[in-house]
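# Structural characterization, general
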Amino acid sequence: MATQVCESPALRRLLRGPCLALSGARGYSRDSKSSWFRSLFVHKVDPRTDAHSTLLSKKETSNLYKIQFHNVKPECLDAYNSLTEEVLPKLHSDTDYPCDLVGNWNTWYGEQDQAVHLWRFSGGYPALMDCMNKLKQNKEYLEFRKERSKMLLSRRNQLLLEFSFWNEPLPRVGPNIYELRTYKLKPGTMIEWGNNWARAIKYRQKNQEAVGGFFSQIGELYVVHHLWAYKDLQSREETRNAAWRKRGWDENVYYTVPLVRNMESRIMIPLKISPLQ
């Protein structure tokens, strides 16, 4: 007799995948590879033919995003911001560079003395490499990096794709505060995360707080970033509480919390040059 071990019905419908089958006889040989005991530990799983990046990212665009986290020496933060605001807009406005500034912030609550920059490369990896090669020949930019390095304690970055069901991050007028919520998922759970959020995002659109949703491709993997905009902290509190009063939001939380290994929230203030104000 075969015993079925399946995901929840809702998840199974979304993934359109078969259930896992455990099979074996009541009487078994210790050396038999098809024994009932062995079948408890060895499952046959139909392999996916597409990477989760192909299944979850937007097909109509070829945008690639880069997010940068710069930890600045506390005494250098003002000088760092001034230098950044002088140089980065030139890259943003120069049509010879296939990159756009999406947003620039200082962290207000979270990791202190930190700058966060989000870039978009229209054209994917070829656009990224084109931009990087041109910057190697840009003397002003090289001097900027040299001066900036004196102000930093550490820096890291990630390359990201945007979820197909999220809004594309577009310039906003302010004043706003921004929340970057970062989720580090268990490996192998990105499809399940995406399927749940594809339904849940509708509960977070009323106040236009949803800015963008991304998942990592290079850097630390299985990382999700959700970017939200609010008028202030009180607006954030009221908007999030309102979501809990909508039928279906609690179900999304119920199914996605077990997928998360670690999560972090940053409240950020836009720099003067940020298209997201």
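Since we're looking at a predicted model, the values are computed, not measured. Per-chain numbering applies: the sequence of each chain, read as written, is numbered from 1 onward. Given that this is a predicted model, residues contribute local features only at a pLDDT of at least 70 and side-chain atom pairs are listed and counted only at 80 or more, while totals for whole chains, interfaces and linings are drawn from all residues. The side-chain quantities take in all heavy atoms of the structure and omit both hydrogens and water.

Okay, the sheet that holds strand S6 (residues 152-162) next. Here, strands pair whenever DSSP counts at least two bridges between them. Each helix is a run of DSSP H or I of at least 4 residues and each strand a run of E of at least 2, with the numbering of both proceeding from the N terminus. Strand order around the closed barrel formed by eight strands is S3-S5-S4-S10-S7-S9-S8-S6, with antiparallel pairing between neighbours. Within this sheet the neighbouring strands show an average axis-to-axis angle of 35 degrees, counted without direction. Sheet analysis places strand S8 (residues 210-218) next to strand S9 (residues 223-230), joined by five bridges and oriented antiparallel. Note that in S9 the partner of phenylalanine 214 across the bridge is histidine 225. This element, helix H7 (residues 190-200), spans strand S7 (177-185), S8, S9 and strand S10 (260-270) of the sheet and lies at about 25 degrees to S9. Each axis is a line fitted through C-alpha atoms, and for a helix only the stretch in contact is used; angles between axes span 0 to 180 degrees, taken between their N-to-C directions. Note on contacts: a residue pair is in contact if any heavy atoms of the two residues lie within 4.5 Å.

This brings us to the state of the cysteines. Criterion for a disulfide: a pair of cysteine sulfur atoms at a distance within 2.5 Å. In total, this model carries zero disulfides according to the counting rule given. You can see cysteine 131 has no disulfide; the closest cysteine sulfur is in cysteine 99, sitting 3.5 Å from it.

Before going further, it helps to examine the pairing of strand S4 (residues 99-109). Burial analysis of S4 places eight of its eleven residues in the buried class, which makes it a mostly covered element. Here seven bridges tie S4 to strand S5 (residues 114-122), and the two strands are oriented antiparallel to one another. Each residue of the ladder has a partner; that of leucine 101, found in S5, is tryptophan 119. The turn linking S4 back onto S5 is made up of four residues, and glycine 110 within it adopts a positive phi angle of 130 degrees. Of the strand pairs in this sheet, S4 and S10 are connected by four bridges, and their pairing is antiparallel. Exposure is judged per residue with a 1.4 Å probe applied to protein chains only, and the accessible area is read against the type maximum: over 50% gives exposed, under 20% gives buried, and values in between give partly exposed.

In this structure, Phe121, Phe163, Trp166, Trp193, Trp197 and Val224 are the most contacted members of the largest nonpolar core, which totals 51 residues. Residues within four places of valine 224 in sequence aside, it is in contact with Phe163, Arg181, Thr182, Tyr183, Leu185, Met190, Trp193, Phe214 and Phe215. With 16 residues, the next largest nonpolar core counts Phe69, Trp105, Leu160 and Phe214 among its residues. Here the nonpolar core consists of buried residues drawn from Ala, Val, Leu, Ile, Met, Phe, Trp, Tyr and Cys, with membership extended through side-chain atoms lying within 4.5 Å.

In this section: the packing of aromatic side chains. A pair of Phe, Tyr and Trp rings is counted when the ring centres sit within 6.5 Å of each other, with Trp represented by its six-membered ring. The angle between the planes then sorts it: under 30 degrees is stacked, over 60 is edge-to-face, the rest tilted. In the structure shown here, the tally under the stated rule is 13 aromatic pairs. Ring plane angle 45 degrees and centroid distance 4.8 Å describe the contact between tryptophan 108 and tyrosine 109, whose orientation is recorded as tilted. A residue is classified by how much of its surface remains accessible, and tryptophan 108, at 36% relative accessible area, is partly exposed. What makes tyrosine 109 partly exposed here is its relative accessible area of 47%.

Next up on the list: the confidence of the model for the chain. Each residue gets a pLDDT score, which is the predictor's confidence in that residue and runs from 0 to 100. Scored by pLDDT, the chain comes out at a mean of 84, with 78% of its residues at no less than 70. In the predicted structure, residues 1-48 sits below a pLDDT of 50 and forms 43 contacts with residues beyond four places in sequence or in another chain.

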